[in-house]
Amino acid sequence: MHEAFPILLLCGLAAGPAAAAELPPGRAAELERLVLQDCGSCHGLTLKGGLGSDLRPENLAGKPLDVLTEIVLDGVPGTPMPPWRPLLSEAEARWIANYLLNGGAQ
Amino acid sequence: MTRFMALLCLVLAALPWRAQADSLRATGDLGVVVERASGALLIIDQSDHAAIGRVEGLGDLSHASVVFSPDERFAYVFGRDGGLSKVDLLTQSVAGRVLQSGNAIGGAISDDGRLVAVSNYEPGGVRVFDAGTLKMVADIPTGSKTIGLVDAPGRRFVFTLWDAGETWIADFSKGEAAVTPPKITRVQGIGRNPYDALITADGRRYIAGLFGEDGLTALDLWQQPPIPRRILAGYGRGEEPLPVYKMPHLEGWALAGERFVLPAVGRHEVLWIDSRSLEEVGRTRTHGQPVFAVARPDGQQVWVNFAHPLNDTVEVIDTPSGEVIHRLTPGPAVLHMEFTPRGHEVWVSVRDAGRIDIYDTHSFEKLGEVAAQNPSGIFFTARAHRTGL
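Being a predicted model, the structure only gives us computed values, none of them experimental.

## Things to note about the overall build of chain A
Per the secondary structure count, chain A includes six helices and zero strands. When the helices and strands of chain A are listed from N to C terminus, the series reads α-α-α-α-α-α. For chain A, buried positions account for 40% of its 106 residues. Long-range pairs, those at least 24 residues apart, make up 53% of the contacts in chain A with a sequence separation of at least 6. Roughly 5,700 Å² of accessible area belongs to chain A as shown, and the carbon and sulfur atoms make up 65% of that amount.

## Focus: the overall build of chain B
Along its length, chain B carries one helix and 32 strands. A globule of 389 residues ought to have a C-alpha radius of gyration of about 21 Å, and chain B, at 21 Å, matches this closely. Each of the three principal axes of chain B carries a C-alpha extent, and together these read 80 × 55 × 30 Å. When each of the 389 residues of chain B is scored for burial, the buried share is 58%. Long-range pairs, those at least 24 residues apart, make up 42% of the contacts in chain B between residues at least 6 apart in sequence. Of the accessible surface of chain B, which amounts to about 15,600 Å², a share of 52% is contributed by carbon and sulfur atoms. Computing the positive centroid from 38 side-chain charges and the negative centroid from 46, chain B places the two 3 Å apart.

## Focus: the sheet that holds strand β7 (residues 93–99) of chain B
Residue and element names in this part refer to chain B. Read across the open sheet, the four strands follow the order β4-β5-β6-β7; overall the sheet is antiparallel. Looking along the sheet, the strands with just one partner apiece sit at the ends: β4 (65–68) and β7. Looking at each pair of strands side by side, their axes are set apart by 20 degrees on average, direction ignored. Summarising the sheet, β4 and strand β5 (residues 74–78) pair through four bridges and their orientation is antiparallel. Paired with Phe 68 across the bridge in β5 is Ala 75.

## Things to note about the state of the cysteines
A complete count under the given rule lists zero disulfides over all chains for this structure. Cysteine A:Cys39 is unpaired, with the sulfur of A:Cys42 as its nearest cysteine sulfur at 8.9 Å.

## What about the domain arrangement of chain B?
All names here are of chain B. When its domains are assigned, chain B resolves into domain 1 (48–234) and domain 2 (247–389). Measuring from the centre of the C-alpha atoms in domain 1 to the corresponding centre in domain 2 gives 22 Å. For the domain 1 and domain 2 pair, buried surface summed over both sides reaches about 2,800 Å², with 65% attributable to carbon and sulfur atoms. Summed over the shared surface of domain 1 and domain 2, the result is zero salt bridges. There are five residue pairs in polar contact (both at pLDDT 80 or more) connecting domain 1 and domain 2. Listing elements by their share of the side of domain 1 that touches domain 2, those giving two or more residues are β3 (50–55), β4, β16 (194–199), β17 (205–210), β18 (216–220) and β19 (229–231). Its residues assigned to classes, the side of domain 1 that touches domain 2 comprises 23 nonpolar, seven polar and six charged.

## Digging into the packing of helix α5 (residues 65–74) of chain A against helix α6 (residues 90–101) of chain A
Residue and element names in this part refer to chain A. Contact geometry of α5 with α6 gives a least axis separation of 8 Å together with a crossing angle of 120 degrees. If you check the angle between α5 and α6, you find them oblique. With respect to the hand of their crossing, α5 and α6 are arranged in right-handed fashion. From α5, Leu 65, Asp 66, Leu 68, Thr 69, Val 72 and Leu 73 reach across to α6, where they touch Glu 90, Ala 93, Arg 94, Ala 97, Asn 98 and Leu 101.

## Description of the packing of aromatic side chains
If you walk through the whole model with that rule in mind, you get eight aromatic pairs over all chains. Centre to centre, the rings of A:Trp84 and B:Tyr245 are 4.4 Å apart; their planes meet at 55 degrees, and the pair counts as tilted. Note that A:Trp84 is positioned in the loop between α5 and α6 and B:Tyr245 in the loop between β19 and β20 (255–256), a pairing that runs across two chains. For the pair A:Trp84 and B:Tyr245, a shared accessibility class is recorded, and that class is buried. One aromatic cluster in this structure is built from B:Trp303, B:Phe339 and B:Phe364. The aromatic ring of B:Phe74 is capped on one face by B:Lys86, whose charged end is 4.5 Å from the ring centroid. Above the plane of the ring of B:Trp272 lies B:Arg259, whose end atom (NZ or CZ) is 4.4 Å from the centre.

## Things to note about the sheet that holds β16(B)
All names here are of chain B. A sheet is described by the order of its strands in space; here four strands give the open sequence β16-β17-β18-β19, paired in antiparallel fashion. Bordering the open sheet on either side are β16 and β19, each of which pairs with just one other strand. Across the sheet, the mean angle from the axis of one strand to that of its neighbour is 25 degrees, orientation sign disregarded. Where β18 meets β19, three bridges bridge the pair, whose relative direction is antiparallel. Bridge pairing links Leu 216 to Ile 231 in β19.

What counts, and at which threshold
- Residues numbered from 1 in each chain as written.
- Chains lettered and ligands numbered in written order.
- Predicted model: local features only at pLDDT ≥ 70, side-chain atom pairs only at ≥ 80, totals over all residues.
- Heavy atoms only, no water.
- Helix = DSSP H or I, 4+ residues; strand = E, 2+ residues; numbered from the N terminus.
- Buried < 20%, exposed > 50% of the residue type's maximum accessible area, 1.4 Å probe, protein only.
- Contact = heavy atoms within 4.5 Å.
- Areas by Shrake-Rupley, 256 points an atom, 1.4 Å probe, with all protein chains shown as cover.
- Rg over C-alpha atoms; globule rule 2.2 N^0.38 Å.
- Lys, Arg positive; Asp, Glu negative; His and termini not counted.
- Charge placed at Lys NZ, Arg CZ, Asp CG, Glu CD.
- Pairing = 2+ DSSP bridges.
- Axes fitted to C-alpha atoms, helices over the stretch in contact; angles between N-to-C directions.
- Disulfide = S-S within 2.5 Å.
- Domains from an automatic or database assignment.
- Buried area = accessible area lost by both parts, 1.4 Å probe.
- Salt bridge = Lys/Arg side-chain N within 4 Å of Asp/Glu carboxyl O.
- Polar contact = N/O pair within 3.5 Å; in protein donor to acceptor, adjacent residues only side chain to side chain.
- Nonpolar A, V, L, I, M, F, W, Y, C, P; charged D, E, K, R; others polar.
- Parallel < 35°, antiparallel > 145°, perpendicular 65-115°, else oblique.
- Left-handed = near helix turned anticlockwise from the far one by under 90°.
- Phe/Tyr/Trp six-rings, centres within 6.5 Å; stacked < 30°, edge-to-face > 60°.
- Lys NZ or Arg CZ within 6 Å of the ring centre and 35° of its normal.

This is how it looks when you write it as structure tokens:
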């Protein structure tokens, strides 16, 4: 228990509050809107899929945060998934990947 | 107290009048606005520049589209969540609703107004319903995400398979749809990943835009069977396309003079095509990646909106010169533009401002606003009488 605690704390920091804390105030709400409205134009407003794949947590389960962050930044070449690097910072892409994994939409 | 009674009597007396006035209303200058996030349809009066009602409970309406019954009384709403709703514009209520699939992308109504078809991503295919009862009369699985569904003359529906690159023509002209299955014609070789398609207003040509290739494919529906013809092949001239943050739409690809205009994919341009030869005759550089390029009904102007993040702007292109003659910035997230049937006004949805803006298309003067919650598509009832809309 005592040994597990720091690790849990670290994971928590990496996945949750730390990612959010890197964003300037108000940006999180803008990103949430971007995910639902603009990602939603391909992935569905409820993110359950459309031309783009289902982005709900049960479908993303097991995919590492880093991999999803990279997909958001660089897209999936040869498919309509566009690279968002010109519009989003790494921290923002990571925030979005985290948001998707945690099912922020629900 | 007596004042109160008098008032009450007045109100009661007024009620039947109201009902009668409502029942005498015509629908020719009505329309609907899709309120994307709240799953509602706002009913608008074009002459009054006003909303006259809201119908709620229509599900996930992102990307929703609408067609109208021939009498312009009912709007059929195709929701992204697979919901097909029939909304009565006069009683302002839901006259019918079915959840027909898990994931839909659009719909169409047959030329005789009796059949409503919906195209689905999941499970991929087209389902056809009785326009009166919303009972399913035909199920056409395609095994592919199905896009670009339109109605064609002769009680036909035409649609295209994103994964397989085929266009199918479902002919319902023989017998009752519920009894006699449609005759299906499959046209192969449309190209890689067709993302949307349109039919010209005369119902003759069906044109699919390709995402996986530089070009489009045209079919002449007068041919039996139609032979695909690649047009504008290599319009990107081998340049690396820019990222596409929103798929362009080909609906409303109206004739502008002798030319068609359409949004290029992955570049900041619209392309002009000769309507007879189907060859490129020019291009106009635009502010961003165009999403809709719609011609005013007379064809003299083309209004263009853009993908994120340049979606606060609308450009107006003069057809004869191909030049941008006016630029407006209505506000954040301009999603759709709809002309009045004769083109004197254009209604523009500005999603993140929660507004519809109304412009005079000759002076560009703003004539009014209508408040709406996250508005996306705007549809006037005059679409009832146009093939492909």
